Amino acid sequence: MDMFVVRGGRPLRGTVAMSGSKNASLPIMAAVLAVEGPVTLRNVPHLADVSTLASLLTRLGVDIRRTENDELRLEVVDASACVAPYDLVRRMRASICVLGPLLGRRRRACVSLPGGCNIGHRPIDLHLRGLAALGAEISVERGYVLAKADRLRGAVVDLSGPTGSTVTGTCNVLTAACFAEGRSVLTGAACEPEVVDLGEFLIAAGAAINGLGTSTIEVDGGPTLHGTRHAVIPDRIEAATFLIAAAITRGDLRIDNVRADHLSAVIETLRQIGVRIEREGLGLRVSMGDALRPAEVCALPYPGFPTDVQAQLSALLSLAPGTSVVTDHVFPDRFLHLPELCRLGADIRREGASGIIHGVPQFSGASVMASDLRASAALLLAALAAPGDSVIRRIYHLDRGYERLEDKLRPLGADICRVTDAAENVPLTLVPPLEPCDTAGPPPPKFLQPRSITAELPDHPI
Ligand code: EPU
């Protein structure tokens, strides 16, 4: 398992370009199942999640290849398979995005339930309710969703749930509705830019869709969708992570290939807490103002502050003098990063769906464990700011959603290296040296150098 070794405390400076959006690429790639003819996608990032979905789509009869100019070319070559097996779906929840396209085009789908997740309870009842409203027969048997429909009929479909709408649920119902006879009206639909991007891809493929980006989407179904070309939007969550990276390291970055209009809540919140963000050409310029200010922030569905940036913001607010409160209304249990941030010196306690953050003057390097994608990003941000050395383990979570992250950070001045630990069960650790008791005054913080990290003894085999 790979890990990052980071020597923090260096301001990040320079220019960095954002990749294509992971969460837009995945439902668009899945929607290719519903298209007849070749599809060419630009800006699909090189990520573990993209590879996982590509494996599943290959199993479902899609021919996929990267062209020389880094476009993804996809075409259905065999439309007979309808089963998304557990061994692939369990590796990535977004695999559930094949359900709507399979049902719409092939009229049959057998998709493994995605299972548990580190960011909290993630049911798919709204996906199933929405597809049933279009006339599908749905059952759940032996851990699989079975969906079939000889015909789908346009209907009013309510997609709102207890915590707002559902992003991938809207994607599933939207794609299936393209094949329903007559008009479908999706109410309580997700407004996220990634849903809009999927809708624009479907329109380019021949679908009749109105109301994208609002909570009411109308779809006039038809018999087919045809091959097309599409450029995926830039990743707004990656951009938000780099905005925070500049602020937390007191650096100065220019961020290119970014859609500022997709980042309004993030930019507004960061400005409120003292981060300087300005447009520069087509990009954004970000640096730290004089001082960070504490804040109360709620993660909400788009256009609210994104849950996918909640952990990274918590890392930044850990350095704001005073008390901040970060609440997640979308995933109220998405707080596994808090104890690990505390290992890096933060002072945060959880209260229900909130993290109560008491600002500290600085982080200190430590060994930490990543628990999910955005939690890992928060730990990396804190490690980049922390004087001393840090080790972040289980970075396979980061590789799921951030393209070549260390290669993007290094030219900006980050001291970060990827260490491959062949013996998975022999963890690496950083040990602060113990000073003799009679030393006058507190010892200065000193840590072992990244290259002299030592292997701990394995557990005693009793
Ligand atoms: N929900 C239900 N019933 C459902 C579906 C969702 O109650 O049938 C609830 C969830 O429990 C949650 C809320 O609705 O409280 C929102 O869940 P949603 O379905 O919107 O999440 P998702 O579609 O599974 C996508 C992103 C997530 C992102 C969320 C929220 C993809 C592939 N994933 O997940 O991204 O956090 O929307 O914006 O698009 C990430 O990239 O790190 C990530 C987790």
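Computed from a prediction, not measured in an experiment: that's the story for all the values here.

Procedures and definitions
- Per chain, the residues get numbers from 1 upward, laid out in the order the sequence is written.
- pLDDT decides what is reported in this predicted model: residues at 70 or higher carry local features, side-chain atom pairs at 80 or more are listed and counted, and totals for whole chains, interfaces and linings draw on all residues regardless.
- Calculated side-chain values reflect all of the structure's heavy atoms, with hydrogen atoms and water omitted.
- Grid spacing is 1 Å over the protein atoms alone, the probe is 1.4 Å, and a cavity is where that probe fits but cannot get out, while a pocket is an open set with protein on both sides within 12 Å along at least five of seven lines and lining residues have an atom within 4 Å of a point.
- Grid points are joined across faces, edges and corners, and a volume is the space filled by probe spheres set on the points.
- A run of H or I in DSSP becomes a helix once it reaches four residues, and a run of E becomes a strand once it reaches two; helices and strands are each numbered from the N terminus.
- Residues are grouped as follows: Ala, Val, Leu, Ile, Met, Phe, Trp, Tyr, Cys and Pro are nonpolar; Asp, Glu, Lys and Arg are charged; every other residue, Gly included, is polar.
- Exposure is judged per residue with a 1.4 Å probe applied to protein chains only, and the accessible area is read against the type maximum: over 50% gives exposed, under 20% gives buried, and values in between give partly exposed.
- Any two residues whose heavy atoms approach within 4.5 Å are treated as being in contact.
- The pairing criterion for strands is at least two bridges between them, as found by DSSP.

Caption draft 1: Up close: the layout of surface pockets. One number sums up the size of the second largest pocket: a volume of about 250 Å³. Taken together, 16 residues line the second largest pocket, and the ones lying closest to its centre are Ala247, Ile248, Arg250, Leu319 and Pro361. Elements supplying a minimum of two residues to the lining of the second largest pocket: helix 8 (236-248) and helix 12 (373-385). Per-class residue counts for the lining of the second largest pocket are 11 nonpolar, three polar and two charged.

Caption draft 2: Region of interest: the environment of Leu88. Mapped onto the fold, Leu88 is located in helix 3 (residues 86-89). Residues Leu88 and Ser112, 24 residues apart in the sequence, show an inter-C-alpha distance of 8.8 Å.

Caption draft 3: Expanded view of the environment of Ser160. Mapped onto the elements of the fold, Ser160 is located in the loop between strand 10 (156-158) and helix 6 (167-177). A relative accessible area of 32% means that Ser160 is categorised as partly exposed. Note: C-alpha distance between Ser160 and Leu373 (213 residues apart in sequence) is 25 Å. What Ser160 contacts, discounting residues up to four positions off in sequence, is Leu126, Arg129, Ser165, Thr187 and Gly188.

Caption draft 4: Region of the structure containing the pairing of strand 3 (residues 39-42). When strand 3 meets strand 5 (residues 72-76), the two strands line up antiparallel, connected through three bridges. Following the sheet pairing, Leu41 is matched in strand 5 by Leu72. As paired strands, strand 3 and strand 14 (residues 229-231) are joined by three bridges and run parallel to one another. Each bridged residue has a counterpart across the sheet, and for Arg42 the counterpart in strand 14 is Ala231.

Caption draft 5: Highlighting helix 9 (residues 264-272). Among all positions of helix 9, only Ala265, Val266, Ile267, Thr269 and Leu270 are buried. Looking at the buried side of helix 9, the elements it contacts are helix 8, strand 16 (275-280), strand 17 (283-288), strand 18 (296-299) and helix 10 (310-317). Within two residues after helix 9, Gly274 carries a phi angle of roughly 110°, on the positive side.

Caption draft 6: Spotlight on the pairing of strand 13 (residues 217-220). Of the two faces of strand 13, only the one carrying Ile217 and Val219 is buried; Glu218 and Asp220 on the other face are not. When strand 11 (residues 183-187) meets strand 13, the two strands line up antiparallel, connected through four bridges. When the bridges of strand 13 are listed, Leu186 appears paired with Ile217. Looking at chain direction, strand 12 (residues 208-210) and strand 13 are connected through three bridges and run antiparallel. Looking at strand 13, one finds that Ile209 is bridged to Val219. Hairpin remark: strand 12 followed by strand 13, antiparallel, with six residues in the connecting loop; positive phi at Gly211, about 95°.

Shape descriptors only; they carry no functional weight alone.
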